[in-house]
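Per-entry structural report
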Amino acid sequence: MRLEVRADVTVDAFRLDVDLVLDGGSTVALLGPNGAGKTTTLRVIAGLLPIDHGRVGIERGGVSEVWDEPSRRVLVGPDRRAVALMFQDYRLFPTMTVLENVAFGLRARGARAVEARSTASAWLERVGLLQLAAERTDRLSGGEAQRVALARALATDPAVLLLDEPLAALDVGTRAEVRSDLAGFLRAFAGVSVLVTHDPAEARLLADRVVVLEGGRVVQQGTMDEIAAAPSSQYVERLVSGTPSVGGTRDD
Amino acid sequence: MLAGIAVLFFALPLLGLLWRVPWSRTWDVLSSRSVGRALQLSITTSLIAALVSMVFGVPLAWMLARVGFPGRSVVRALSTLSMVLPAVVGGVALFFSFGRRGLFGQYLDEWFGIRLPFTSAGVVVAQVFVAMPFLVLSVESSIRQLDVRLEEAARTLGGSRWYVFWRITLPAIRPGVVAGAVLAWSRALGEFGATITFAGNLPGRTQTMPLATYLALESDPEAALVLSVVLIAVSFAVLLGLRDRWLGQARPAGAAPQGPAAVTT
């Protein structure tokens, strides 16, 4: 499986111009300061932001699928891409129970209620929250909401899993525990996973490869060690040599 | 103090009305056949008008709130014009467009055999014409306040536009839709000018409660008082019953905080 993103798009005077090739079975971290275009890149892949020029497509099982190619007037909506995006603020549906949240993607894709509920229950069990199935989402703690959001994203069996600052909204105490759980889920995930973070320690622990973005462009990519060995800019040098940041800042 | 004067201003006419009601005759008036028919007609047509306003008004409100197109403000002004227009003018306009000799009415009759003037359907048309803008404005403002984040999340989970509207958007704007439907319904129930101008005043077919009340004022003022009280009672009961249940919780559900995630900045 291979996801190719060649995207040139301008939103409110910010221009994102990136060229990325992402392989299945590995996790790539998009690392960069606020406003570097990390979240924008995820929105492009998910289909929430159509590109101006370039091509976004996926090749799986020898079949290539184009998702967005303006020159050929091809644009596949977010609902018809095999992508799941876990938002930084989770965006659980407040009008539904935890179980209904996790089952939403399956129902939306036409699964019958009974099947959707049993698949959703299985996912809730996997993230250890089956006992909260009937709860309303506003009763959940930050760590619980994060795991529900992860279960909801994975339940649709996506080819591409996008995680936008998955740990940023958690307090420092729960973060370490949730991070190791997340690492386990990412290792087990066969598709392409892309993680947005501004924390090099998080990138090192969760991702196989790192892409550094600055000002809407890719400035460096490779493994964390390669980047640390030869940082290509002052920002990257400060980032990899400094102490791991614990900030919970929100991107874009 | 000023607020007190405002309350008195609304309460005193009510008091004056109730003071003069001939309670001993109430039952006689109410059980008369013409009143029963007017009341029944009023309730049926106003409910249908509210329903029709909802079916067409919610999509219109969604379009005004979400779809950017040239001339949107003109379309909005056009579709809410009848709120500020005297209802009689609306009735005249309807008469010359959908009346039997109207610009479009003659074809409605010729091609489909549909005649609106002097029919109960014409009453509904007149009511929808004046009532729908209330629903459109109410729903449009709740769609505007709605946060698109949840709809985006639902889209990435595989929801088509229609599915997302049905499962996410509509539940979130429900208080606005209910409030708008109640406003539209009460406006339709009280509709007078457009109805009498366009649909006429045929007992049993187009003579609604407001028309019956106005006519009774000339022939039998005591009956007019009784009819007024009935209209007031019906409207008051509905407004009172719905306000706490639905309008009280009119918060934009899409903006509901979700755990600590919503407070990080």
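Because the structure is a prediction, the values reported are computed rather than measured.

Criteria and thresholds
Residues numbered from 1 in each chain as written. Chains lettered and ligands numbered in written order. Predicted model: local features only at pLDDT ≥ 70, side-chain atom pairs only at ≥ 80, totals over all residues. Helix = DSSP H or I, 4+ residues; strand = E, 2+ residues; numbered from the N terminus. Buried ≥ 20, exposed ≤ 12 C-beta atoms within 10 Å, placed from the backbone. Contact = placed C-beta atoms within 7 Å. Rg over C-alpha atoms; globule rule 2.2 N^0.38 Å. Pairing = 2+ DSSP bridges. Nonpolar A, V, L, I, M, F, W, Y, C, P; charged D, E, K, R; others polar. Arc of directions from axis to C-beta. pLDDT = per-residue confidence, 0-100. Core = buried A, V, L, I, M, F, W, Y, C linked by C-beta atoms within 7 Å. Axes fitted to C-alpha atoms, helices over the stretch in contact; angles between N-to-C directions. Parallel < 35°, antiparallel > 145°, perpendicular 65-115°, else oblique. Left-handed = near helix turned anticlockwise from the far one by under 90°.

When helices and strands are tallied, chain B shows 12 helices and 0 strands. Reading the helices (α) and strands (β) of chain B from amino to carboxyl end gives α-α-α-α-α-α-α-α-α-α-α-α. Taken along the three principal axes of its C-alpha coordinates, chain B extends 70 × 55 × 30 Å. Here chain B holds 265 residues, and 38% of them are scored as buried. Contacts in chain B between residues far apart in sequence, at least 24 positions, make up 76% of those at least 6 positions apart.

Scanning chain A for helices and strands turns up 8 helices and 11 strands. Taken over C-alpha atoms, the radius of gyration comes to 18 Å for chain A, in line with the 18 Å a tight globule of 252 residues would show. Judged by the C-alpha coordinates and their principal axes, chain A covers about 50 × 45 × 35 Å. Per-residue burial for chain A yields a buried fraction of 47% across its 252 residues. Across chain A, every contact between residues at least 6 apart in sequence was considered, and the portion connecting residues at least 24 apart equals 67%.

So, on to the pairing of strand β4 (residues 53–60) of chain A. Residue and element names in this part refer to chain A. As paired elements, strand β1 (residues 2–11) and β4 share 7 bridges and run antiparallel to each other. Note that in β4 the partner of E4 across the bridge is G57. Bridge count between β4 and strand β5 (residues 63–69): 5 bridges; the pairing is antiparallel. When the bridges of β5 are listed, G57 appears paired with V66. What sits between the antiparallel neighbours β4 and β5 is a turn of 2 residues, in which G61 has the positive phi angle 55°.

This next bit is on the interface of chain A and chain B. The interface is formed by 31 residues belonging to chain A together with 24 residues belonging to chain B. Elements represented by at least two residues in the side of chain A that touches chain B include exactly β7 (83–86), α2 (98–108) and α4 (142–155) of chain A. Here the side of chain A that touches chain B is composed, by residue class, of 17 nonpolar, 7 polar and 7 charged.

Turning our attention to helix α8 (residues 234–241) of chain A. Residue and element names in this part refer to chain A. Burial in α8 covers these residues: V236, L239 and V240. Along the axis of α8, the buried residues cluster in a sector spanning 85°; they form a single face. Along α8, exposed side chains directed more than 90 degrees from the buried face belong to Q234, R238 and S241. Of the surrounding elements, those touching the buried residues of α8 are α6 (200–206), β10 (209–214), β11 (217–222) and α7 (224–229).

Should pLDDT be low for a region, the predicted coordinates there are not to be read in detail. All names here are of chain B. Looking at chain B, the pLDDT average stands at 85 and 91% of residues meet or exceed 70. For residues 248–265, every residue scores under 50 in pLDDT, and the model assigns this stretch 46 contacts once sequence neighbours within four places are set aside. Across the assembled chains, the prediction reports ipTM 0.88 with pTM 0.77.

Attention now moves to the environment of P70 of chain A. Residue and element names in this part refer to chain A. Take P70: it is sitting in the loop between β5 and β6 (74–75). Exposure remark for P70: the 15 C-beta atoms within 10 Å place this residue in the partly exposed category. In this structure the C-alpha to C-alpha distance between P70 and G222, which are 152 residues apart in sequence, comes to 29 Å. Every residue in contact with P70, bar those within four places of it in the chain, is listed here: I51, D52 and H53.

Now for the pairing of β5 of chain A. Alignment of β5 of chain A against β6 of chain A, held across 2 bridges, turns out to be antiparallel. What sits directly across from E69 of chain A, in β6 of chain A, is V74 of chain A.

Time to look at the nonpolar core. The biggest cluster of nonpolar side chains holds 116 residues, and the ones touching the most others in it are I45, V102 and L162 of chain A. Broken down by element, this core gets its largest block of residues, 15 residues, from helix α7 (residues 120–145) of chain B. With residues up to four places along the chain from it excluded, the contact list for V102 of chain A reads A120, W123, L124, V148, A151, R152 and A155 of chain A. Ranked by size, the runner-up nonpolar core spans 13 residues in total, among them V29, V35, M209 and L227 of chain B.

Geometry of a packed helix pair, given as the angle between the helix axes and the separation of the axes. Residues and elements named next belong to chain A. Orientation of α4 relative to helix α5 (residues 172–188), taken along the N-to-C sense of each, is 15°, at an axis distance of 11 Å. By the angle between their axes, α4 is roughly parallel relative to α5. For the pair α4 and α5, the sense of crossing is right-handed. Note on element contacts: α5 touches α4 through T174, V178 and F185, opposite G142, G143, Q146 and L150.

For the rest of this paragraph, the subject is helix α1 (residues 38–46) of chain A. An α-helix turns once every 3.6 residues. As a result, residues three or four positions apart point the same way. Residues and elements named next belong to chain A. With 9 of 9 residues buried, α1 lies mostly within the body of the structure. Every buried residue of α1 is accounted for by K38, T39, T40, T41, L42, R43, V44, I45 and A46. A positive backbone phi angle near 95° is found at G47, which sits one or two residues after α1.

A separate point is the environment of A229 of chain A. Residue and element names in this part refer to chain A. If you trace the backbone, A229 turns up in helix α7. What makes A229 exposed here is the crowd of 10 C-beta atoms within 10 Å. Between the C-alpha atom of A229 and that of V240, which follows or precedes it by 11 residues, the distance is 9.3 Å.

Predicted confidence across chain A gives a mean pLDDT of 90, with 96% of residues reaching 70 or more. Note that pLDDT drops below 50 for residues 243–252 of chain A; the model gives that stretch 24 contacts with residues more than four away or on any other chain.

In this section: unusual backbone geometry. Residues and elements named next belong to chain A. The backbone of Y90 sits at a positive phi, close to 65°, despite the residue not being glycine. When you line up the elements, Y90 lands in the loop between β7 and α2. Judged by C-beta crowding, with 27 C-beta atoms within 10 Å, Y90 ranks as buried. A positive phi angle, near 45°, is found at E165, a position not held by glycine.

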